[in-house]
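Residue-level listing of the chains:
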Amino acid sequence: MKKSKIKILISAGPTREAIDPVRFISNYSTGTFGFEIARQAKRRGHQVTLVSGVTCLKGPVGVKIRKVGTALEMQKAICEEIKDNNCLIMNAAVCDYRPLKFFKRKIKKSKKAFNIKLIENPDILKGLGRFKENRLLVGFAVETENVLKGGLAKLKEKNLDLIVAAKISKFHSPFGSAKISAYIIEKQGKYQKITNATKPEFSRKLLDRVEGLWYTIFQSKQGR
Ligand code: C5P
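Residues numbered from 1 in each chain as written. Predicted model: local features only at pLDDT ≥ 70, side-chain atom pairs only at ≥ 80, totals over all residues. Heavy atoms only, no water.

Chemist: Give me the lowdown on the sheet that holds strand S9 (residues 136-143), citing residues and values where you can.
Modeler: Strand order in the open sheet formed by eight strands is S5-S4-S1-S6-S9-S10-S11-S12, with mixed pairing between adjacent strands. Each edge of the open sheet carries a strand with a single partner, namely strand S5 (64-67) and strand S12 (191-198). The average undirected angle you get between the axes of adjacent strands in this sheet is 20 degrees. As paired strands, strand S10 (residues 162-167) and strand S11 (residues 179-186) are joined by five bridges and run antiparallel to one another. What sits directly across from Ala165, in S11, is Tyr183. (Pairing = 2+ DSSP bridges. Helix = DSSP H or I, 4+ residues; strand = E, 2+ residues; numbered from the N terminus. Axes fitted to C-alpha atoms, helices over the stretch in contact; angles between N-to-C directions.)

Chemist: Help me get a handle on helix H4 (residues 147-157), residues and values and all.
Modeler: Among all positions in H4, only Val147, Gly150, Gly151 and Leu155 are buried. Viewed along the axis of H4, the buried residues span an arc of 140 degrees, placing them on a single side of the element. Structural note: H4 exposes Lys149 and Lys156 on the side pointing more than 90 degrees away from its buried face. Each element contacted by the buried residues of H4 is listed here: S9, S10 and S11. Downstream of H4 by one or two residues, Asn159 has phi in the positive range, about 60 degrees. (Buried < 20%, exposed > 50% of the residue type's maximum accessible area, 1.4 Å probe, protein only. Arc of directions from axis to C-beta. Contact = heavy atoms within 4.5 Å.)

Chemist: Describe in detail the layout of surface pockets, supporting the description with residues and values.
Modeler: Its boundaries defined by the atoms lining it, the largest pocket holds a volume of some 930 Å³. Contributing to the lining of the largest pocket are 40 residues, with Ala92, Ala93, Val94, Phe140 and Val142 lying nearest its centre. At the level of elements, helix H1 (32-43), strand S8 (118-120), helix H3 (124-129), S9, H4, S10 and S11 are the ones that each hand at least two residues to the lining of the largest pocket. Of the residues contributing to the lining of the largest pocket, the split by class is 21 nonpolar, 11 polar and eight charged. (1 Å grid on protein atoms, 1.4 Å probe; cavity = no way out; pocket = protein on both sides within 12 Å on 5 of 7 lines; lining within 4 Å. Points joined across faces, edges and corners; volume = space filled by probe spheres on them. Nonpolar A, V, L, I, M, F, W, Y, C, P; charged D, E, K, R; others polar.)

Chemist: I'd like a description of the site of the ligand, backed by residues and values.
Modeler: Around the ligand, the surrounding shell consists of Met90, Ala92, Val94, Asp96, Pro122, Asp123, Ile124, Leu125, Gly139, Phe140, Lys154 and Lys158. Measuring from an oxygen atom of the ligand, one finds a backbone N or O atom of Met90 at 2.7 Å. One nitrogen or oxygen atom from the main chain of Ile124 is found 3.0 Å from a nitrogen atom belonging to the ligand. With respect to the pocket detection grid, the ligand is positioned in the largest pocket. Those elements that provide at least two residues to the shell around the ligand are H3 and S9. Each residue belonging to the shell around the ligand can be placed in one class, and the counts come to seven nonpolar, one polar and four charged. (Near = heavy atom within 4 Å. Polar contact = N/O pair within 3.5 Å; in protein donor to acceptor, adjacent residues only side chain to side chain. Sits in = over half its atoms within 2 Å of the grid points.)

Chemist: Break down helix H2 (residues 71-81) for me, with residues and values.
Modeler: An α-helix turns once every 3.6 residues. As a result, residues three or four positions apart point the same way. Taken together, the buried positions of H2 are Ala71, Met74, Ala77, Ile78 and Glu81. Buried residues of H2 fall within an arc of 125 degrees about the axis and therefore sit on the same side.

Chemist: Tell me about the pattern of salt bridges, residues and numbers included.
Modeler: Inspection of every chain in the model, using the stated rule, returns 15 salt bridges. Between Arg23 and Asp20 there is a salt bridge whose closest N-O contact spans 2.5 Å. The partly exposed category is assigned to Arg23, whose relative accessible area is 32%. Between Glu186 and Arg209 there is a salt bridge, and its shortest N-O distance comes to 2.5 Å. Of this pair, Glu186 sits in strand S11 while Arg209 sits in helix H5 (residues 199-223), placing them 23 residues apart in sequence. With a relative accessible area of 9%, Glu186 lands in the buried category. Note on Arg209: relative accessible area 22%, which makes it partly exposed. Three or more residues joined by partner-sharing salt bridges are found here, namely Lys64, Arg66, Lys76, Glu80 and Glu81. (Salt bridge = Lys/Arg side-chain N within 4 Å of Asp/Glu carboxyl O.)

Chemist: For the pairing of S10, give the residues involved together with the corresponding values.
Modeler: Counted residue by residue, S10 has five buried out of six residues, so it is predominantly covered. The sheet contact formed by S9 and S10 spans six bridges and is parallel. Bridge pairing links Val138 to Leu162 in S10. Between S9 and its parallel partner S10, the chain crosses via H4, and the hand of that crossover is right-handed. (Right-handed = clockwise from strand over helix to strand, strands pointing away.)

Take it as geometry only, folks, not as evidence of what the structure does.
What follows is the structure, given as structure tokens:
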């Protein structure tokens, strides 16, 4: 069977949820993993679109890039781009919550403690899992315990085809770390454990799985 190229949408980096004009809530994501997956996918000849939160990284050559700030902006960009793609690799660390209120003026320092009320952001991937059609959906999960069990539960909950699940260790690893140890888990619970791989190495292994699934499940269906 001739291998056709896949149209892959990749999300990367953190989202930022503004509190006031100078402050925000975010997380430790640097975007390096998502950008590396995009670079490797492009190298393999796939058509790649990258939706990225704020990072200091340069987009890989030949990759269409859309820059966003908040989770809601990321949701809008992904929902627009998904129509032209047949695979989503959702690597972004989307903030689960955002401040209910944006203070238009900088909050003045005072000696009093104060509360910021947070509301839930939409789960972008879960939403897309409900309208999956012939698309391959890949998620990421970082857990402090029960990595395999937690990863598989998220894969099922969000109706994904694959999930990469890693344990959060000291110093916020895997965020921003050079090497990654993680499981690539499939729907049936079958998994591959990858230990101490560089991000390019891990990205290539992940893309091997994505291509394998794509060609067996989807391309064979289309060829019938
Ligand atoms: O935060 P959680 O562990 O549920 O993230 C698992 C997957 O869901 C990741 O791929 C992440 O990008 C995605 N996600 C999302 N929208 C959110 C939270 C997470 O798409 N609001």
